[in-house]
Amino acid sequence: MAYKLTDDAPMNINNLSYKSWLMISLLPLMLNQPVIASATTSVSYYIDDRDFNSITLQLSAADLPQDFSVWGFTDFLGDQSHHDERKDFTRTFSEYRLSNSKLSKLTGIDGLGLQIEYDDATPNYNNTIWRSGLTYKHKLNGKHWLQLRAMPLQNNKDRQISLIYFASIMPRLNISGFADYNIRHGNGNQWVIEPQLNFRLLNKTWLLLEYRHNGFEQDNINLDGKGWAIGIRYDL
């Protein structure tokens with residue numbers, strides 16, 4: 001989930017890269033197919049203490065044919081430190097993953113799988129990332145789980161290892177999040193970490209509290225890489 005956001009020239013949400021719009025447009029079509037039983041979509045709105053707001057569209061489907069599944073999201077973000085323009089969504093970041101669990105059946109190791117990931121950000125046009133590797137998901141007591149992702153193959157010389165987690169605290173309260181460690185060729189390695197507390201207000205409505213740490217942003221003198229965000233999510 002690691003990404004690098006810069007202070008390049010602003011870009012209006014209507015001028016997003018064709019790749020971002022393609023992913024956003026195609027996935028809802030996939031999720032409407034009758035063979036998919038567990039397709040989900042959610043929309044989240046956040047207020048970040050660094051003077052910008054963000055919207056997240058998240059999509060997933062676990063029951064694609066041949067043991068495939070898909071998960072992904074697109075963030076629409078305002079620019080930091082522009083309080084009067086915090087609702088102007090001039091940046092985007094998209095991440096989509098295609099996973100396959102056949103390796104688990106072949107090896108007899110529950111939770112083992114293969115994954116390919118696509119990342120893209122705007123307003124930058126030359127930072128699309130493709131990466132692939134192994135995933136291992138370990139379930140704990142049916143309510144908690146951890147997933148380790150090792151991504152040694154990437155379209156540049158960088159690599160990534162990440163941990164994703166979910167833990168149920170109470171029937172209406174859980175914590176989820178990720179920690180990405182980016183191994184960068186010729187540059188300092190970077191962490192991107194986002195734990196999130198989720199409280200169910202209504203059947204499909206959640207109150208969110210998220211801590212955000214982005215080492216790429218921290219390295220940019222014009223950006224603050226650490227912040228807190230409160231939000232609300234609605235599951236469609």
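Things to note about the environment of D84
Tracing the backbone through its elements, the reader meets D84 in the loop between strand 3 (68-78) and strand 4 (89-100). It is 8.5 Å that separates the C-alpha atoms of D84 and D51, two residues lying 33 residues apart in sequence.

Structural notes on the confidence of the model for the protein
For the protein, per-residue confidence averages 86 on the pLDDT scale, and 84% of positions sit at 70 or higher. A low-confidence stretch, residues 2-15 (pLDDT under 50), is modelled with 45 contacts involving residues beyond four sequence positions or located in other chains. Low confidence marks residues 28-35, where pLDDT is under 50. Its contacts with residues over four positions away, or in another chain, come to 12 contacts.

Brief notes about the pattern of salt bridges
Using the criterion set out here, one finds 15 salt bridges in the structure. Taking the shortest distance from any N to any O, the salt bridge between R97 and E117 comes out at 3.2 Å. Separated by 20 residues along the polypeptide, R97 in strand 4 and E117 in strand 5 (residues 112-122) bring together distant segments of the chain. Across this residue pair, the class does not change: R97 and E117 are buried. R149 serves as the salt-bridge partner of E117, at 2.4 Å between the closest nitrogen and oxygen. With a gap of 32 residues between them, E117 in strand 5 and R149 in strand 7 (residues 144-154) connect regions that are remote in the sequence.

Points about the packing of aromatic side chains
Counting across every chain of the model gives 6 aromatic pairs. Considering the side-chain rings of W71 and F73, the 5.6 Å spacing of their centres and the 65° angle between planes classify their relative orientation as edge-to-face. For W71, a relative accessible area of 24% gives the class partly exposed. Between F73 and F93, the ring centres sit 5.9 Å apart and the planes meet at 50°, which makes this aromatic pair tilted. Taken as a pair, F73 in strand 3 and F93 in strand 4 lie far apart in primary sequence, 20 residues in all. The exposure class of F73 is buried, given its relative accessible area of 9%. Using a relative accessible area of 2% as the deciding quantity, one classes F93 as buried. Here the aromatic cluster, defined as three or more aromatic residues joined through ring pairs, consists of W71, F73 and F93. Above the ring of F52, the side-chain terminus of R91 is found at 5.3 Å from the ring centroid. Here the basic side chain of R212 rests over the ring of Y46, its NZ or CZ set 4.8 Å away from the ring centre.

Rules of the game
Residues numbered from 1 in each chain as written. Predicted model: local features only at pLDDT ≥ 70, side-chain atom pairs only at ≥ 80, totals over all residues. Heavy atoms only, no water. Helix = DSSP H or I, 4+ residues; strand = E, 2+ residues; numbered from the N terminus. pLDDT = per-residue confidence, 0-100. Contact = heavy atoms within 4.5 Å. Salt bridge = Lys/Arg side-chain N within 4 Å of Asp/Glu carboxyl O. Buried < 20%, exposed > 50% of the residue type's maximum accessible area, 1.4 Å probe, protein only. Phe/Tyr/Trp six-rings, centres within 6.5 Å; stacked < 30°, edge-to-face > 60°. Lys NZ or Arg CZ within 6 Å of the ring centre and 35° of its normal.

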